[in-house]
Amino acid sequence: MRPASVTVAMVWMAAGCASYPKTTPLARYDLAAGYRFEQLPPGQRITHPSQTNSDQLFVVLAFSGGGTRAGALSYGVLKQLRDVRFHMNATGEPVECPDVDSDTCKAMERSLLDEVDVISSVSGGSFPAAYYALNGAEIFAPSSRYHRNFLYYPVQRELLGRTVYHPRNWTRLRSRVEIAADLYADRVFGSATFADLKSRPRPYVVMNATDMSTGSRFEFTQEQFDLLCADLDGMSIARAVAASSAFPGLLNSMTIDGFNRNRTDGGCHYDGPGSHTEEQRRTLPAGQRDWVDLALLGNARTENYYAAEQVLAYKDPDRRHLHLLDGGLFDNIGARSILQGVGTFSRPVKRSGNQTLLGGWSALSLMNQRVAKNVLVIVVNARTGREKDWDTKAAGPGTPTVINASSGIPMGNFTKETLTRLRELVKDVFPNLGAAEAPGLFEIEIAFQDLPEDERRLFGNMGTNFDLDRYEVDCLIDRGGSLLRNATFVEPSKTTFASFVRDQLKNGRIGTPSTPSPLCTQPDARQRIAVRHHYMDVSAQIKGTIGESDDVDGSQLSPAVSLRVTRPRGWGVMFDVGPQTFPIAGTAGTDQLRLGDLRLWAFMGGIGWTALGQRTQTTFGVSAGYGIGGFEPSLGARDAYGRQGLFALEGEASNAWLIKPQASFWYSLSDRWAATVSASYFFGRPTVRLTGDDGTAFSRRVRASAVTLGAGLGFRIF
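Here the structure is a predicted model, which is why all the values come from computation and not from measurement.

### With respect to the overall build of the protein
1) Next: On a plain count of helices and strands, the protein comes out with 22 helices and 27 strands.
2) Next: Taking the principal axes of its C-alpha atoms as reference, the protein extends roughly 115 × 65 × 50 Å.
3) Next: Out of the 718 residues belonging to the protein, those deemed buried represent 56%.
4) Next: Expressed as a percentage of contacts within the protein between residues at least 6 apart in sequence, the contacts between residues at least 24 apart total 74%.
5) Next: When the accessible area of the protein is evaluated, it comes to approximately 29900 Å², of which 52% is carbon and sulfur surface.
6) Next: Of note, the protein has its 77 positive side-chain charges centred 2 Å away from the centre of its 74 negative side-chain charges.

And the structure:
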């Protein structure tokens, strides 16, 4: 999010009513129902949909936040995973197949993307995660909604447009996150809910938000909703994505309802982790205690203790409504979900006779059962390193920049620390991790820091917004793939992705793009992009008024400020405020003279059509509004009426309705600043009066019509 975008958001926060779709109560806690990892069928192969993936190779992805930048980079990684091909036998073990063109080998071929089991996502990364989980390989079609309505679509512009141009949303400004959710549903996800998602095969997607009250991670899974006695099935995918990307300021928090009636079973027969009272926790036999009991009875400084406290916090009956913000405020790379899912055994368990039901997901459990032989973790980190000049000045950065930095600094500071901690947790169970008889854990971070320096400058200065140029999106997709192809594992160190495909996938093949890679440096970007489109600007001008009626005598200069909310190509709205000054002609006795200056403080709004050029925007439109009138008699009028015996001359003018056809021209000097010129025809019909100590000397309804020409500077806000 750019600092100016945060400033614009302040305008939205002052008005409107909060409204949101209500959460559905959970009828009964059931580990065999709802959106859960264990209830999803294994993932289908892209090449042979009748065949499913294997748990022997367990693949986990984490998609970070970062707006369209994150969505495009993660998409590039998905494409590259699709183009990694290898062969797997009937038992789910990678094998070498010498005759790759034979029918036997073709039947055994699969892509590494087929093997993806879990995707943890935050903010902008939740768009590709949710879309792929819902639609599978359709995400790669150029005609897909993901391409047309997200990657190459100005989502941010549309969100602003829906807020400004849709009157029904004017009363929902305190529910801006719901306006965003409606947009994401209309454009990208349709009416899909988690009930639709649970009928899909793997990958299991974990979209992460941040709980405002506790500051902890909140995930959109049935295990999380169980703690609220709430049913996730009816929740729309679009709302989950909106909550995951609800950046403070631009969007407000999303409300999720809680239905706990007590601190034990909550009223929905919940008997999972956290359902025991403190007394039960102390007296239960060790075999009947769940992981929350064990954590709370242990060291209060451990990660498990903190996680157990969060479980109890969600079961608080007083928490009738939870308020969620962008998941990046807690963890902007989505790795904490992986830390729990890969590095611990902490999950709900229910035993009934010979049947055991499991909730959550745990790659560590699969490794412990000798089911998963290799676990591959790929973290796609779209964090940037924008160039800053704060430390060259004594004065600190402004408030919007501070807000931006305070949310961004903690977001990317612990990727490698998290991956290192993950390996430590797994090594607690498998001290000989990576040995022939033990499972393998392979960890990759996809990050811009591994690009050449000239490319890092380009990607490091890309905005965290939902509106990038096509050139930028293409570069992100391409470099997402190349970063994976050329990656070196964080652990085992010095192991490359290419060697993993060769050794662990038994001479698998890494596909490469059929088209040349684009040049992706700042000089290339300046040539390809020129000046970015924008949707809101303000300009300050000096305007000259040239009279166009017999009542207006001569010309006059006056300042004016204009605010424009527009689309690069299409209709928009305009707001103008400033004085319009008209020299008014009249007679005093037999003398024809300038009576004084009529000043109308104009407050106007209108619509206009904007045409886009390489560095220009030209808007044609019409505005209407109201002018607050005032009249200042001239010295000549005072003298003329004084000779007639009328002294203490005062002037006044009535208020009047105004209309103004206009054209404005914006020439971009940089991404932020522009030279602006404008031309308009201004028309109003106020009444002008001159009064003295003996009564009214002059009263007439005048034609305040004039051509105004202006020039000044414009500033792009958003």
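### Regarding the nonpolar core
1) Next: Core analysis: the largest hydrophobic core is formed by 146 residues, its most contacted members being F189 and F220.
2) Next: The biggest single contributor to this core is helix α7 (residues 176-189), with 9 residues.
3) Next: Aside from chain neighbours lying at most four places away, what touches F189 is F127, A130, Y131, L134, R145, Y184, I237, A238 and V241.
4) Next: Core analysis: the next-biggest nonpolar cluster, separate from the first, contains 25 residues, L593, L600, A640 and F682 among them.

### A closer look at the sheet that holds strand β26 (residues 695-701)
1) Next: If you trace the 3 strands from one edge of the open sheet to the other, you get β22-β25-β26, paired in antiparallel fashion. Strands with a single pairing partner mark the edges of an open sheet, and in this sheet they are β22 (650-653) and β26. The average undirected angle you get between the axes of adjacent strands in this sheet is 15°.
2) Next: Sheet analysis places strand β25 (residues 687-692) next to β26, joined by 6 bridges and oriented antiparallel. Across the sheet, the residue bridging to T687 is R701, located in β26.

### Section: the pairing of strand β11 (residues 321-326)
1) Next: Alignment of strand β7 (residues 204-211) against β11, held across 3 bridges, turns out to be antiparallel. Within β11, the residue paired with D211 across the bridge is L324.
2) Next: Both strand β10 (residues 254-257) and β11 contribute to a ladder of 4 bridges, which runs antiparallel. What sits directly across from I256, in β11, is L322.

### Some details on the pairing of strand β18 (residues 555-565)
1) Next: Note that strand β17 (residues 536-547) and β18 share 11 bridges and pair antiparallel. If you follow T545 over to β18, its bridge partner there is Q556.
2) Next: As paired strands, β18 and strand β19 (residues 570-588) are joined by 5 bridges and run antiparallel to one another. Of the residues in β19, the one forming a bridge with S562 is D576.

### Some points on the sheet that holds strand β24 (residues 673-684)
1) Next: Pairing is antiparallel around the closed barrel formed by 8 strands, whose spatial order is β17-β18-β19-β20-β21-β23-β24-β27. The average undirected angle you get between the axes of adjacent strands in this sheet is 25°.
2) Next: Contacts from helix α6 (residues 155-165) reach β17, β18 and β19 within the one sheet, and its direction differs from that of β19 by about 50°.
3) Next: The strands touched by helix α22 (residues 635-643) within the sheet are β19, β20 (591-612) and β21 (616-633), with β20 carrying the most contacts at an inclination of about 145°.

### Observations regarding the domain arrangement of the protein
Frequently, the measure chosen for interface size is the accessible area removed from exposure when the parts meet.
1) Next: Here the protein is partitioned into domain 1 (16-263 + 317-529) and domain 2 (532-716).
2) Next: For domain 1 versus domain 2, the distance between C-alpha centres works out to 54 Å.

### What to know about the packing of helix α4 (residues 126-135) against helix α10 (residues 237-244)
1) Next: In the contact formed by α4 and α10, the axes pass within 10 Å of each other and the chain directions differ by 160°. It follows that α4 is roughly antiparallel to α10 by the angle criterion. Where α4 crosses over α10, the handedness of that crossing is right-handed. In this structure, α4 contributes S126, F127, A130 and L134 to the contact, and α10 contributes I237, V241 and S244.

### Comments concerning unusual backbone geometry
1) Next: Here the bond from R202 into P203 is cis, since omega is 20°, no more than 30 degrees from zero.
2) Next: Here P203 shows up in the loop between α8 (194-197) and β7.
3) Next: Here E491 and P492 are connected by a cis peptide whose omega angle stands at -10°.
4) Next: If you trace the backbone, P492 turns up in the loop between α19 (470-485) and α20 (497-503).
5) Next: The backbone of N507 shows a phi angle near 60°, a positive value even though the residue is not glycine.
6) Next: As for its placement among the helices and strands, N507 is situated in the loop between α20 and β16 (509-510).

### A look at a nonpolar patch on the surface
1) Next: A surface patch of nonpolar side chains, about 700 Å² in accessible area, is lined by V561, V577, W601, F603, Y626, I628 and W657.
2) Next: Considering the arrangement of structural elements, one finds I628 in strand β21.

### Comments concerning the state of the cysteines
1) Next: Using the criterion set out here, one finds 3 disulfides in the structure.
2) Next: Between the sulfur atoms of C229 and its disulfide partner C268 the distance amounts to 2.1 Å. As the torsion about the S-S bond is roughly -70°, the C229-C268 disulfide counts as left-handed. Here C268 lies in the loop between β10 and α11 (278-283) and C229 lies in the loop between α9 (222-226) and β9 (230-231), a separation of 39 residues in the sequence. There is no split in this pair, since C229 and C268 are both buried.

### Re the environment of G125
1) Next: The residue G125 is located in the loop between β6 (116-122) and α4 in this model.
2) Next: On the basis of relative accessibility, which here comes to 0%, the residue G125 falls in the buried class.
3) Next: C-alpha separation for the pair G125 and S244, spaced 119 residues apart in sequence, amounts to 9.0 Å.

### Details of the side chain of E455
1) Next: Looking at the element boundaries, E455 is found in helix α18 (residues 453-460).
2) Next: Ignoring anything within four residues of it in the chain, the contact list for E455 reads R479, C520 and T521.

### Things to note about the packing of α6 against α7
1) Next: In the contact formed by α6 and α7, the axes pass within 10 Å of each other and the chain directions differ by 125°. When the axes of α6 and α7 are compared, the pair comes out oblique. Remark: the crossing between α6 and α7 carries right-handed chirality. When α6 is examined against α7, the residues V155, E158, L159, R162 and T163 are found in contact with a partner set consisting of I179, A180, D182, L183, Y184, D186 and R187.

### A short note on the pattern of salt bridges
1) Next: By the definition in use, this model includes 35 salt bridges.
2) Next: For R82, the salt bridge identified is with D83, shortest N-O distance 3.2 Å.
3) Next: For R82, a relative accessible area of 21% corresponds to the partly exposed category.
4) Next: Between R502 and D503 there is a salt bridge, and its shortest N-O distance comes to 2.9 Å.

About the cut-offs
Residues numbered from 1 in each chain as written. Predicted model: local features only at pLDDT ≥ 70, side-chain atom pairs only at ≥ 80, totals over all residues. Heavy atoms only, no water. Helix = DSSP H or I, 4+ residues; strand = E, 2+ residues; numbered from the N terminus. Buried < 20%, exposed > 50% of the residue type's maximum accessible area, 1.4 Å probe, protein only. Contact = heavy atoms within 4.5 Å. Areas by Shrake-Rupley, 256 points an atom, 1.4 Å probe, with all protein chains shown as cover. Lys, Arg positive; Asp, Glu negative; His and termini not counted. Charge placed at Lys NZ, Arg CZ, Asp CG, Glu CD. Core = buried A, V, L, I, M, F, W, Y, C linked by side-chain atoms within 4.5 Å. Pairing = 2+ DSSP bridges. Axes fitted to C-alpha atoms, helices over the stretch in contact; angles between N-to-C directions. Domains from an automatic or database assignment. Parallel < 35°, antiparallel > 145°, perpendicular 65-115°, else oblique. Left-handed = near helix turned anticlockwise from the far one by under 90°. Patch = residues over 30% accessible without salt bridge, like charges linked within 9 Å, V, L, I, M, F, W, Y side chains within 5 Å. Salt bridge = Lys/Arg side-chain N within 4 Å of Asp/Glu carboxyl O. Disulfide = S-S within 2.5 Å.

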